[in-house]
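This is what each chain is made of:
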Amino acid sequence: MFSTARVVFITLFVALLALSGCQTPPPKGLSPAQVAVLKQQGFELTDDGWAFGLSGKVLFGSDVESLNAPSTVIVERIGKALLGVGIDRVRVDGHTDASGKESYNQQLSLRRAKSVATVLTRVGMKEENIQLRGLGSSQPVAANDTAAGRTENRRVSIVVSTD
């Protein structure tokens, strides 16, 4: 009937097919190299993912949505660093202080997020890979009853998901 060589061949072939179905899927999340770059750029791990944290956030003047030159340089540097390690999807969250009407602040915060997204696209990130959120004054990081606190709250966060 079957020769020994044929039986061995068929057995090996079936074993190979079975093993090919057991391959480990690619790891989910970020690689160690990506995490290292995020830390180097000033990102901190949060419940939402890696966020460009307090030490390097982009600040805006009162009722201002455009980035100043130093902030533009920071966003360009971050965008290039992220793309350099294969991170090409981000979320940009715009924030305001509590001055003015909330509906206005929500729109202002979205325009701030868009100004950061514009810089990120200029360095090569695809527009469709940038999610924008205007959060208004809903997530303050400082008290709004002082000028310094309001300045801290006028910001944009760049968030990289860990998924």
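Reading guide: rules and limits
Residues numbered from 1 in each chain as written. Predicted model: local features only at pLDDT ≥ 70, side-chain atom pairs only at ≥ 80, totals over all residues. Heavy atoms only, no water. Salt bridge = Lys/Arg side-chain N within 4 Å of Asp/Glu carboxyl O. Helix = DSSP H or I, 4+ residues; strand = E, 2+ residues; numbered from the N terminus. Buried < 20%, exposed > 50% of the residue type's maximum accessible area, 1.4 Å probe, protein only. pLDDT = per-residue confidence, 0-100. Contact = heavy atoms within 4.5 Å. Core = buried A, V, L, I, M, F, W, Y, C linked by side-chain atoms within 4.5 Å. Axes fitted to C-alpha atoms, helices over the stretch in contact; angles between N-to-C directions. Parallel < 35°, antiparallel > 145°, perpendicular 65-115°, else oblique. Left-handed = near helix turned anticlockwise from the far one by under 90°.

Student: Outline the pattern of salt bridges, listing residues and values.
Tutor: In the structure shown here, the tally under the stated rule is six salt bridges. Here Arg91 and Asp48 are joined by a salt bridge, their closest N and O atoms 3.2 Å apart. Here Asp48 lies in the loop between β1 (43–46) and β2 (49–52) and Arg91 lies in strand β4 (residues 90–94), a separation of 43 residues in the sequence. When its relative accessible area of 13% is taken as the criterion, Arg91 is described as buried. Bridged by salt links that share partners, the residues Asp48, Arg91, Asp93 and Arg133 form one connected network.

Student: Which residues make up the confidence of the model for the protein chain, and what values do they have?
Tutor: Per-residue confidence for the protein chain averages 86 on the pLDDT scale, and 80% of its residues sit at or above 70. Low pLDDT, under 50, characterises residues 23–27; the stretch is placed with zero contacts to residues that sit more than four places away or in other chains.

Student: Can you break down the nonpolar core residue by residue, with the values?
Tutor: Core analysis: the largest hydrophobic core is formed by 24 residues, its most contacted members being Phe43, Leu82, Val90, Val92, Val116, Leu120 and Val160. Going through the elements one at a time, α2 (32–41), β2, α3 (69–84), β4, α4 (102–122) and β6 (155–160) are the ones with two or more residues in this core. Ranked by residue count, the leading element in this core is α4, at five residues. Among residues more than four places away in sequence, those in contact with Leu82 are Leu38, Phe43, Ile87, Val90, Met125 and Val160.

Student: Before we move on, could you go through the packing of α3 against α4 and cite the residues and values that matter?
Tutor: The contact between α3 and α4 brings their axes to 9 Å, and the two run at 50 degrees. If you check the angle between α3 and α4, you find them oblique. Here the hand of the crossing between α3 and α4 comes out right-handed. Residues Thr72, Val75, Glu76 and Gly79 of α3 touch α4, and the partners they reach there are Val116, Val119, Leu120 and Arg122.

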